[in-house]
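Next come the chains, spelled out residue by residue.
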Amino acid sequence: LNDLYEPPFGEFTSISKAVIKWPMASVKELVAYLRKIQAEYPEVIYAMQEAGEELRCWYAWPPSFAEWSWIELNKGNFNSTCANWHTRNAFVAVTKLLSTKVTTSRHRFYWPGDGLHAV
């Protein structure tokens, strides 16, 4: 619980379908709310669980294919848990976020002086 916390990768995932973000000022009401949706709206809980399953691969940091642990990963059941892990993982997510930060500046290089004859 933190009013200032923003879950990562919300720019391209449906975080709000899987996570409850509750204001700190109303923490006392949170337990009653959770009990109510569990008792009266269990389909909401199931929908959130399914949405969470869709998101889980985005938060996995798989090893590099050059590492021994990558072989171990492929021998395990991670592929069945996260079938799209090779295209939906934290490395891909961070790359997506950073790719929007690429400069579009016309002047990528600059220095004092006239051209290559620096001051």
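Above: the structure in question.
Residues numbered from 1 in each chain as written. Predicted model: local features only at pLDDT ≥ 70, side-chain atom pairs only at ≥ 80, totals over all residues. Heavy atoms only, no water.

Describing the overall build of the chain
Step number 1: Assigned secondary structure in the chain consists of five helices and two strands.
Step number 2: For the chain, the succession of helices and strands along the chain, N to C, is α-α-α-α-α-β-β.
Step number 3: For the chain, long-range pairs separated by at least 24 residues make up 58% of all intrachain contacts whose partners lie at least 6 apart in sequence.
Step number 4: Accessible surface computed for the chain: about 9600 Å², of which carbon and sulfur atoms make up 60%. (Helix = DSSP H or I, 4+ residues; strand = E, 2+ residues; numbered from the N terminus. Contact = heavy atoms within 4.5 Å. Areas by Shrake-Rupley, 256 points an atom, 1.4 Å probe, with all protein chains shown as cover.)

Some points on a nonpolar patch on the surface
Step number 1: Together, Trp61, Phe91, Val94 and Leu98 make up an exposed nonpolar region whose accessible area comes to about 410 Å².
Step number 2: When you line up the elements, leucine 98 lands in helix H5 (residues 90-99).
Step number 3: According to the relative accessible area criterion, leucine 98 is exposed, its value standing at 53%. (Patch = residues over 30% accessible without salt bridge, like charges linked within 9 Å, V, L, I, M, F, W, Y side chains within 5 Å. Salt bridge = Lys/Arg side-chain N within 4 Å of Asp/Glu carboxyl O. Buried < 20%, exposed > 50% of the residue type's maximum accessible area, 1.4 Å probe, protein only.)

Structural notes on the nonpolar core
Step number 1: Listed in full, the eight residues of the largest apolar core are Phe9, Ile15, Ala18, Ala51, Leu55, Trp58, Ala90 and Ala93.
Step number 2: Secondary-structure elements contributing two or more residues to this core are helix H2 (42-55) and H5.
Step number 3: Not counting chain neighbours up to four residues away, the residues in contact with alanine 51 comprise Lys17 and Ala18. (Core = buried A, V, L, I, M, F, W, Y, C linked by side-chain atoms within 4.5 Å.)

Overview of the packing of aromatic side chains
Step number 1: For the structure on display, the rule yields five aromatic pairs.
Step number 2: With 5.3 Å between their ring centres and 40° between their planes, phenylalanine 9 and tyrosine 59 make a pair best called tilted. Taken together, the residues phenylalanine 9 in the segment before helix H1 (27-40) and tyrosine 59 in the loop between H2 and helix H3 (68-75) connect sequence positions 50 residues apart.
Step number 3: With relative accessibility at 7%, the residue phenylalanine 9 sits in the buried group.
Step number 4: Ring geometry for tryptophan 61 and phenylalanine 91: centres 4.8 Å apart, planes at 90°, overall edge-to-face. (Phe/Tyr/Trp six-rings, centres within 6.5 Å; stacked < 30°, edge-to-face > 60°.)

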